[in-house]
Amino acid sequence: VERDETLILNSLTYPVYIGNSLWKPLGDFIKPYFTSGGVYILTDHNTHKSCFPVIAVNIEALAGVPVFSIIPGEQSKETSSVEMIWNWLMEEGAGKNSLLINLGGGVVSDLGGFAAATYKRGMPFINLPTSLIGQADAAIGGKTGINFSGIKNQAGVFANPEAVFINPGFLGTLPADHIRSGFAEIIKSAILSGNSFWDHVRNTSPYLDGALNDMIINSVEFKISVVASDPYENSFRKVLNFGHTIGHAIEALYNRNGMPGLFHGDAVAAGMVCEAFISNEVAGLSKMEFNDIVAVITKHFQIKTVDDQNVEELLLMMGHDKKRIGNDFSFSLINAIGNPVFDVKVDKQVIFNSFRYINQIKKL
Ligand SMILES: NC(=O)c1ccc[n+]([C@@H]2O[C@H](COP(=O)([O-])OP(=O)(O)OC[C@H]3O[C@@H](n4cnc5c(N)ncnc54)[C@H](O)[C@@H]3O)[C@@H](O)[C@H]2O)c1
C-alpha cells in the first residue's frame, strides 16, 4: 500500500480508513452531523497543540467547532474526566445526533468513547488516533473505559465508533518513547499473526522512514480479523492479551512504587518475554522460536526486572485481572509464532521461573 493510498477495511460494522490523505473521506463523513446535531472534538493538551491545527487547516468546517482538551496521560482516564466531558457536551447543547471526534492517543479514545457511549445513552463518535498505540491498536475493537479504584479499565462498555480514520502522518510529532511503547503492541500482533508480518517486524526498524505504515496496516488488519470473530471477548479475542497478563502487573507494580520511566510498551515487552518463556514451558513453543522472540524484543527494549520480594505482590495484581483460578493462572500463550492459544492454566512456579529468566537477561 502506497503512502497516499487510502485503505478501507470494512469487515467490521464500521469502516477503518488508513492513509496520509484522508481529508476528503473524513470531510464527507462528518458533513451530515453539522446539520443533524453538531460536531465536537476531544483532545488532550498535546494533541490539541500538535494535531488539531492539522485537521483544522485541512477541513475548514472543523476549524470553528467546540474543542475540549484534557490533561495528557493515563491519570485522565478517570471518573472526573467523564463528568467534565458530559458537562461540556451539555453546556454546548450536544444531543443524540451530534458527533464526538476523539483526536488523540489511547487515553482519548478510551475515555472519549466511554463518555460518548454513555451520554444520553449513546451519541455517535469517531476515532482519529494520533499515537502509535492508538493507530495500531486502541482505536479499533470497541473497548472503551476508564480506570477506577486503582484498577485499570475497571469501568467501561463495548461501544463501536462510527468510523476510524488512521493518519500515520500524525506520528511525526509523537515523542520517541511513545513510538517505542507502541512498537511493543506491534511486535505482539506480529507474534500472534506470524508469517510475513513477523518477518517484516523482525527485519525492520520502526524508526526507518515509512516503515511504520505497513506495520500499522498489518496490526489493524490482524486486530480486525480477531475482533470480528469474537467482538465481546468470550473466547478467541482473549489471544490479544498475550504479554499483558504479566505486563499489566509489572506496569501496576512500577507505577505503584513510583518508579519513573516505565512506559506501557516497556511493561508489555517484559510481559511478552515472560509469557514466551511460559509458552515454551507449557504450551509447546519451540526453543528456536522462543529464542527468536527474545532476540527481537531485546533488540528494541531493555527488559525490566522483577525482585523476589515483589513476586507475591505481582501475583496478587494478576489475581485482580480475574485471570486467577485457584492456585493456577489463566494465560493467553502461543504454541508457535502465528498460533495463539487461550485459557491455558499455568502453575505459580512456572510464572516464578519466568521472572527468574527475565532477571538474568539484564545481566547478560
Ligand atoms: N481500547 C483498547 O482496545 C486499547 C488497546 C490498547 C491500549 N488501550 C489504552 O490506551 C492507553 C495508552 O495509549 P497511548 O499510549 O496512546 O496513551 P496516550 O493517549 O496518553 O498518548 C501517549 C502520549 O502521547 C501524546 N500524543 C499522542 N499523540 C500525539 C501526537 N501525534 N503528537 C504529540 N503527542 C502525542 C499524548 O498527549 C500522551 O502524552 C492506555 O490507557 C490503554 O489502556 C486501549
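Placed above this text is the structure.
Reading guide: rules and limits
Residues numbered from 1 in each chain as written. Predicted model: local features only at pLDDT ≥ 70, side-chain atom pairs only at ≥ 80, totals over all residues. Heavy atoms only, no water. Helix = DSSP H or I, 4+ residues; strand = E, 2+ residues; numbered from the N terminus. Buried < 20%, exposed > 50% of the residue type's maximum accessible area, 1.4 Å probe, protein only. Polar contact = N/O pair within 3.5 Å; in protein donor to acceptor, adjacent residues only side chain to side chain. Contact = heavy atoms within 4.5 Å. Phe/Tyr/Trp six-rings, centres within 6.5 Å; stacked < 30°, edge-to-face > 60°. Salt bridge = Lys/Arg side-chain N within 4 Å of Asp/Glu carboxyl O. Pairing = 2+ DSSP bridges. Core = buried A, V, L, I, M, F, W, Y, C linked by side-chain atoms within 4.5 Å. Near = heavy atom within 4 Å. Areas by Shrake-Rupley, 256 points an atom, 1.4 Å probe, with all protein chains shown as cover. Nonpolar A, V, L, I, M, F, W, Y, C, P; charged D, E, K, R; others polar. Axes fitted to C-alpha atoms, helices over the stretch in contact; angles between N-to-C directions. Parallel < 35°, antiparallel > 145°, perpendicular 65-115°, else oblique. Left-handed = near helix turned anticlockwise from the far one by under 90°.

> Tell me about the side chain of Ser279, and please be specific about residues and values.
By the element assignment, Ser279 lies in helix 11 (residues 264–282). Its relative accessible area of 0% is what places Ser279 among the buried residues. Separated by 2.7 Å, the side chain of Ser279 and the backbone oxygen of Glu275 make a polar contact. Ignoring any residue separated from it by four or fewer positions in sequence, one finds Ser279 in contact with Phe242, Gly284, Leu285, Leu333 and Ile334.

> Summarise the packing of aromatic side chains; cite the residues concerned and give the values.
The description of two aromatic rings rests on the distance between their centres and on the angle between their planes. Within this structure, the stated rule accounts for 11 aromatic pairs. For the pair Phe158 and Tyr232, a centre-to-centre distance of 5.1 Å together with 90 degrees between the ring planes defines the contact as edge-to-face. You can see Phe158 sitting in strand 8 (residues 151–158) and its partner Tyr232 sitting in the loop between helix 9 (211–229) and helix 10 (244–256), a full 74 residues away along the chain. Relative accessible area serves as the criterion here: at 54%, Tyr232 is assigned to the exposed category.

> Give me the lowdown on the pattern of salt bridges, citing residues and values where you can.
Working definition: two side chains of opposite charge can pair if their charged atoms are close together. This model, assessed by the stated rule, comprises 14 salt bridges. Its salt-bridge partner being Lys152, residue Glu74 comes within 3.0 Å of it at the nearest N-O pair. Here Glu74 is found in the loop between strand 4 (67–70) and helix 4 (79–92), whereas its partner Lys152 is found in strand 8, with 78 residues between them in sequence. On the accessibility criterion, Glu74 (35% relative accessible area) is partly exposed. Note that Asp137 is salt-bridged to Lys223, the shortest N-O span being 2.6 Å. One end of the pair, Asp137, is in helix 6 (residues 132–138); the other, Lys223, is in helix 9, and 86 residues separate them in sequence.

> Tell me about unusual backbone geometry, residues and numbers included.
A negative phi holds for most residues other than glycine; trans holds for most peptide bonds. Even without glycine at this site, Asn153 takes up a positive phi of about 50 degrees. Looking at the secondary structure, you find Asn153 in strand 8. At Asn195, a residue that is not glycine, the phi angle is positive and equals roughly 50 degrees. You can see Asn195 is positioned in helix 8 (residues 195–203). Take Asn195: its relative accessible area is 64%, and that puts it in the exposed class.

> Could you give an account of the pairing of strand 4, with specific residues and numbers?
Covered by surrounding structure in strand 4 are Phe68 and Ile70 only, the residues Val67 and Ser69 on the alternate face being uncovered. Across four bridges, the pairing between strand 3 (residues 39–44) and strand 4 is parallel. Bridge pairing in strand 4 links Leu42 to Phe68.

> Account for the nonpolar core, with residues named and values stated.
Ranked by size, the top nonpolar core spans 82 residues in total, and within it Val16, Ile187 and Ile351 carry the most contacts. Listed in part, the 23 residues of the second largest apolar core include Tyr17, Val39, Val65 and Leu99.

> Tell me about the site of the ligand, and name the residues and values.
Neighbouring the ligand are 27 residues, the closest being Asp44, Glu74, Thr130, Ser131 and Thr173. One nitrogen or oxygen atom from the side chain of Asp44 is found 2.6 Å from an oxygen atom belonging to the ligand. Within the side chain of Lys77, one N or O atom sits 2.9 Å away from an oxygen atom of the ligand. For the ligand, whose accessible area on its own is 860 Å², the fraction buried by protein is 89%. The set of elements that each furnish at least two residues to the shell around the ligand consists of helix 2 (45–50), helix 5 (106–118), helix 6 and strand 8. Here the residues of the shell around the ligand sort into eight nonpolar, 11 polar and eight charged.

> A description of the packing of helix 4 against helix 5 should follow, citing residues and the corresponding values.
Any two packed helices are characterised by how steeply their axes cross, that is the angle between the axes, and by the distance between the axes. Taken N-terminus to C-terminus, the directions of helix 4 and helix 5 make an angle of 55 degrees; their axes are 10 Å apart at the nearest point. Accordingly, the angle class assigned to the pair helix 4 and helix 5 is oblique. Considering the relative orientation of helix 4 and helix 5, their crossing is right-handed. Here Ser81, Val82, Ile85 and Trp86 of helix 4 come into contact with helix 5, specifically with Leu111, Phe114, Ala115 and Thr118. The class makeup of the residues in the contact of helix 4 with helix 5 is six nonpolar, two polar and no charged.

> Describe the packing of helix 7 (residues 176–193) against helix 12 (residues 287–300), listing the residues and the values that go with them.
Following both chains from N to C, one finds helix 7 and helix 12 inclined at 170 degrees, their axes separated by 11 Å at the closest point. Viewed along their axes, helix 7 and helix 12 adopt a mutual orientation that is roughly antiparallel. In this structure, helix 7 uses Arg180, Phe183, Ile187 and Ile191 to contact helix 12, whose residues at the interface are Ile293, Val296, Ile297 and His300. Of the residues belonging to the contact of helix 7 with helix 12, the class tally is six nonpolar, one polar and one charged.

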